[in-house]
Amino acid sequence: MTRIAYQGAPGAYSELAARTLYPRARPVPCDDFAAVVRAVTSGATELGILPVTNSIIGNVTEARAVLAASAELTVVNQLTLPVRHCLLALPGAGPETLRWVESHPAALAQCAQWIASQGLSPRVVADTAGAARAIATDRDYTRAAIAGIEAAAVYGLEVIAEGIADAADNRTDFVVVAAAARAAA
């Protein structure tokens with residue numbers, strides 16, 4: 001079975017993109033974009049998927065940087081994925097309890113106007129689904145996550161608000177990479 005590395009925890013948008021393109025592959029979560037590249041170049045996975053551009057914030061700089069630094073990779077596929085950010089919190093939490101919103105810096109940037117309009121303070125964390133996982137684990141009713149509806153299902157969180165990006169047509173371009181030597185074979 002093909003393995004595909006992605007950045008984030010289960011329920012991340014990158015995992016959704018991987019499952020969309022390769023429904024029979026086994027997604028492998030990685031802590032950061034560099035770990036995705038290492039997984040592919042080391043042979044731990046056959047493929048990796050990385051977000052490279054978003055319709056609201058432009059280039060995903062960190063992902064592009066790790067791709068540019070690795071001549072050992074080649075792009076083998078791509079996908080544009082509509083991104084529908086949701087505000088997720090513990091069941092029972094609501095506007096009266098929430099003070100903080102946590103997510104990947106790109107997701108926070110895509111929802112900056114909405115966050116400000118709600119009077120919430122943003123906190124940067126490693127990934128969208130990781131924020132959801134941390135809130136579910138910590139049981140803190142003052143914190144919410146910006147992530148996809150898939151993360152709500154994975155971590156038992158409630159969707160407080162949907163479609164909170166600053167532009168309704170929010171979408172992210174992903175590239176799938178393989179080791180250049182294996183892709184040429």
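Each remark here, short or long, concerns the structure printed above.
Residues numbered from 1 in each chain as written. Predicted model: local features only at pLDDT ≥ 70, side-chain atom pairs only at ≥ 80, totals over all residues. Heavy atoms only, no water.

Asker: Would you take a moment to explain the environment of Pro91 for this structure?
Answerer: Tracing the backbone shows Pro91 in the loop between β6 (86-89) and β7 (100-103). Looking at Pro91, the relative accessible area reads 39%, which means it is partly exposed. Separated by 45 residues in the primary sequence, Pro91 and Ala136 have C-alpha atoms spaced 9.6 Å apart. Sequence-distant contacts of Pro91, defined by excluding residues within four places in its chain, comprise Tyr141, Gly156, Leu157 and Glu158. (Helix = DSSP H or I, 4+ residues; strand = E, 2+ residues; numbered from the N terminus. Buried < 20%, exposed > 50% of the residue type's maximum accessible area, 1.4 Å probe, protein only. Contact = heavy atoms within 4.5 Å.)

Asker: Would you mind showing me how to read the pattern of salt bridges here?
Answerer: When the charged atoms of two side chains lie near each other, side chains of opposite charge can form a pair. What the rule picks out here adds up to eight salt bridges. A salt bridge links Arg143 to Asp138, with the shortest nitrogen-to-oxygen separation between them at 2.8 Å. Judged by its relative accessible area of 44%, Asp138 falls in the partly exposed class. With its nearest N and O atoms 4.0 Å apart, the salt bridge here joins Asp140 to Arg143. Salt bridges linked by common partners bring Glu102, Arg123, Asp138, Asp140 and Arg143 together as one network. (Salt bridge = Lys/Arg side-chain N within 4 Å of Asp/Glu carboxyl O.)

Asker: Honestly, the nonpolar core in this entry has me stumped. Any pointers?
Answerer: A general trend in soluble globular proteins is that nonpolar side chains are found buried together. Within the largest apolar cluster, 30 residues are counted, with the highest numbers of intra-cluster contacts made by Ile4, Ile49, Leu88, Ala132, Ala151, Tyr155 and Leu157. With five residues, helix α6 (residues 128-138) is the largest single contributor of residues to this core. Sequence-distant contacts of Leu88, defined by excluding residues within four places in its chain, comprise Ala132, Ala144, Ala145, Ala147, Gly148, Ala151, Ala152, Leu157, Glu158 and Val159. Within the second largest apolar cluster, 18 residues are counted, among which are Val36, Val52, Ala63 and Val66. (Core = buried A, V, L, I, M, F, W, Y, C linked by side-chain atoms within 4.5 Å.)

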